[in-house]
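# Remarks on the overall topology
The residues making up each chain are set out below.
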Amino acid sequence: MLLLLTIGFSPFAQAAPAAKAKNSFDHSKTGFILKDVHATLKCEQCHVDGIFKNTPKDCAGCHSAGTRVAATPRPINHVPISNINNNACDTCHTSTANFLVKSYQHVGITGNCSTCHNGQSLGVVSKPATHFPTMAPCEYCHKNTSTFLSYQVDHLANGFIGNCYTCHGGPQAGSATYPNVVAYPSNHMTIAAGSDCNACHQNYVTFLGATFGHTPGSVCTTCHLPGQLSGVVSINYSTHIPLPAGSTCTSCHADPVTQPTPTFLGAAFHTSTYGSTAAAAGTCTTCHSGSYISQNAQTKGATHIPTSADCSTCHTDAAGTPANTTSSFTTFLGAKFHLTPSGNPPTGLCSTCHNGGYASENALGKNTGHLVTTADCVMCHTATNTISYTTFLGASFDHNVTYNNAFPAAAPASPLCGSCHNGATATGKKTTHVPTTGDCITCHTNATTGCPNCVSFYGVQYDHTNAAAGVAAYTTFPVGAPASPLCSSCHNGTTALGMNAGHIPVNGADCITCHTPANTGCGTTGLCSTFLGATFSHAAVAAGSCGACHQSQYPGVVSINPAIHIPQSSGNACDKCHTNAITGLPGTATPTFLNVVFHQNALGNPPAGLCSTCHSGAYVTTQATPAYSKAYTGSFNHVATTADCVVCHTAANTSSYTTFLGAGFTHSPGTYATWPPTMPPSPTCSSCHNGVTATGTSSAPTPHPAIGASDCMTCHTTSVLVGCPSCSSFGMAAGVVHNTAPYNTAGSCSTCHNGAQATGLSLGHIPVGAASCDQCHSVYDGSGSINFSTAAISSITVNGVSRYGMKHSAVTGRCDSCHNGSYIGQGIFGALAKVSNHIPTAIINTAANTDCTSCHSTTITIASGAGDWKTGEHMNHNNAQGGAPNYCVTCHLKGVTYLSTAQKISHNGASTSKDCSSSSCHKPLGRKGTAYSSWN
């Protein structure tokens, strides 16, 4: 009965027909609209026990275990709903007719998939049994929350590195595969036991692009045969060149063990043993037949010269003839047929190849201007004159064949030269050839043409005395002017070369007047070679008329060039400057406009106008002496000035205007009203002497000391400047006044006195340590000359000269740093060392930091040029006890020659074995006297 009741209340059971309501109550006014299954229920199924008030309106109010309304409850294996819209069922169950209709929205949910998709939740898709083994959360791969079918495994991000066979199968996993997982193929290459996929497949996105680590001695054909293994590059026999017997892949392809990224590309067959001359000679067509072009085995092109010879006949390597035209079979370019045994000498007709059809192969044919002939090329282009058939140049036609080996030595030739040299059969006369009826050999003699080989028509000289030439000739040569017949009777521009359009007027004079036999090459034979070199006779030219010809009127005549010639107002009177004495006219054969010095003639000495008219910088390239300007940078920089040149460059100091050197700038009157100027000078010297406008402080060859704000005349006073007020030299500065800033700063001497800017430490100077110059040397007081030898302390007069001693108050080191014999030549007296018979100092040296001052006073009296070391001298025995090594008798035994004030005693039996103190007689070890001062 209970079972039937439960089924009856199921929302999925067939509802009984509802009794027709007795009224038309609008249930929607309660806030709960009756529809679908709820419209088929009886009122009491929801309003239990007739209670209408507070009947739940939400799904969970009825469809939960323990509610008053016994509707179908949520199953215990329902997905957790704690986070689902306040536990509202209709968030997912959108149909009121059936709870199985559901749609879960994953918006905002990106993780913890296994909370629901765990294989326990009712109606929820979970990881199938065929899923590849993993404990990783679903969201690592399944990024799409609408379907599990869309996924992407990020092996690196999720740590799926290694043990690939767990999912992808392989020898270690048997035949285990998983849906949608790329599986280990059955024809995969054999891998070593224990190897994982990532040993080769290191991409983790695709199995393609794997790099196999080849081991030395691997046999290529184990894997690289056609169709043998999946994904392995294999040989394609249909396109691969035929393999020589005994060859392997590595014969041509680089050993994969040595390659970071192994590849079959880049193989070079001809660098292998099987592709060398010895192995491949005569077999080129095996590959170079046109069948293996895809493998870069090229074949002969359509324009290749006709031949049945093997490629290696011409395309040789180092062992071929000629040697290595192909760079060891790496190119077909560079082949030289005529250097091979087959082409030198040619074994067939040259025209077989040299017919114009193989010009692209460098087998040239006859050009359009070639001599008309049916003879084969080698008739003229012999091995001798074509450098063994490597060029067509140098060929010569052997005229001996025409003349039965007896080439004529003089005209007339038989047959005549013109019978061939008619412009059709062979080169004929040009249209500009001198008119003649004579045969070619009349003028083009064997001497000028190189016949019988006859290499050129050039070089011919017309013999004006040779009647055989076919034109009027002279019986003798030279002839005087006018010639008879006149030169111009032929040299008229028609019969022979005449005057050009720019020739100077001749006024009826014949050519020979200027173009003499001497300067035209005619000599005594009439073999005239040139019109150049003519010499015009200026004897009849009137003075002042040079410009009638020399103003660019006539090409070939030397003319004034206004662009570079200095401005001139003499018109045609060039001879104002270019005098006969300079040009050599009228008598010289080689007159010249060169060598003119403007300032040596009346127009330029003295200058009649402003020097800057010419000396502006525009005329520095004239063929005569250049008119240099202030801007000239050859060896000097000009002082800035607007004054004309002659203000400084006077006739007196420039050797009458022949040089710019020697000029002097006058500082007064001019820059300064009086000389010497009022001090400090205004303007300052450095306003001009700044290294740009005028000479400034230099950096070479000796750097100038830094001057700070001081002006030049601070040191270069009027008493040392040379030649002022023109001031030709700065002179040797009297010395920097060191009692003014910035030179009066104690300890700053070496800023300038460093040996570069000013005098520094002399060679052999005593060590100075950190001491500054002014600690010993007195500073300059503004008068006299500074002398570094005048160290300030203890002055004396020696032979009437003031002497100064060393200022020892500045010394912080040991005496023997200087007084060691190395510096005896320094200063006036020198740093004296110990005398040669000085008493031994071993006693003192046994104590640290002791030296001369242990015995000698620090106050030394200087007398007559030497220091008095005796002043304040006292012996410091340094607590010596006598005996070795400091024996008393070393110094105190009579007869000892050491220079000292030590008392010397002749003691009976005294010796090193009976030393004064160690004998127990004298103190400090004995009984008598006072130690170190008295014997008794």
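Under an unreviewed UniProt entry, the name given to the protein chain is Cytochrome c7-like domain-containing protein, and the source organism is Sideroxydans lithotrophicus.

### A look at the overall build of the protein chain
Each helix and strand counted, the protein chain has 11 helices and six strands in total. Scored against the burial criterion, the 936 residues of the protein chain give a buried share of 23%. Taking contacts inside the protein chain between residues at least 6 apart in sequence as the whole, the part at least 24 apart equals 48%. Accessible surface computed for the protein chain: about 58800 Å², of which carbon and sulfur atoms make up 58%.

### Let's talk about the confidence of the model for the protein chain
Model confidence for the protein chain is summarised by a mean pLDDT of 78, while 86% of its residues fall at 70 or above. In the model, residues 1–19 has pLDDT below 50 throughout and makes 16 contacts with residues more than four positions away in sequence or in other chains. Low pLDDT (under 50) marks residues 789–794, which in the prediction has 20 contacts with non-local residues, meaning those over four places away or in another chain.

### Some remarks on the state of the cysteines
As used in these notes, a disulfide is a covalent bond between sulfur atoms, one from each of two cysteines. Using the criterion set out here, one finds one disulfide in the structure. Paired through a disulfide, C724 and C727 show a sulfur-sulfur distance of 2.0 Å. Judged by the torsion about the S-S bond (120°), the C724/C727 disulfide is right-handed. Cysteine C200 is unpaired, with the sulfur of C197 as its nearest cysteine sulfur at 9.1 Å. Of all cysteine sulfurs, the one in C440 lies closest to C417, which takes part in no disulfide; the gap is 4.7 Å. Judged by relative accessible area, which is 12%, C417 ranks as buried.

### Quick look at unusual backbone geometry
Each neighbour pair has its own omega, and for S682 with P683 the value is 5°, a cis peptide bond. Here the amide bond leading from A884 into P885 is cis, since omega sits at 0°, within 30 degrees of zero. Mapping P885 onto the fold places it in the loop between strand 6 (866–868) and helix 11 (889–892). The backbone phi angle of N879 is positive, close to 60°, even though this residue is not glycine. Of note in this structure, Y932 is not a glycine but carries a positive phi near 70°.

The rules behind these values
Residues numbered from 1 in each chain as written. Predicted model: local features only at pLDDT ≥ 70, side-chain atom pairs only at ≥ 80, totals over all residues. Heavy atoms only, no water. Helix = DSSP H or I, 4+ residues; strand = E, 2+ residues; numbered from the N terminus. Buried < 20%, exposed > 50% of the residue type's maximum accessible area, 1.4 Å probe, protein only. Contact = heavy atoms within 4.5 Å. Areas by Shrake-Rupley, 256 points an atom, 1.4 Å probe, with all protein chains shown as cover. pLDDT = per-residue confidence, 0-100. Disulfide = S-S within 2.5 Å.

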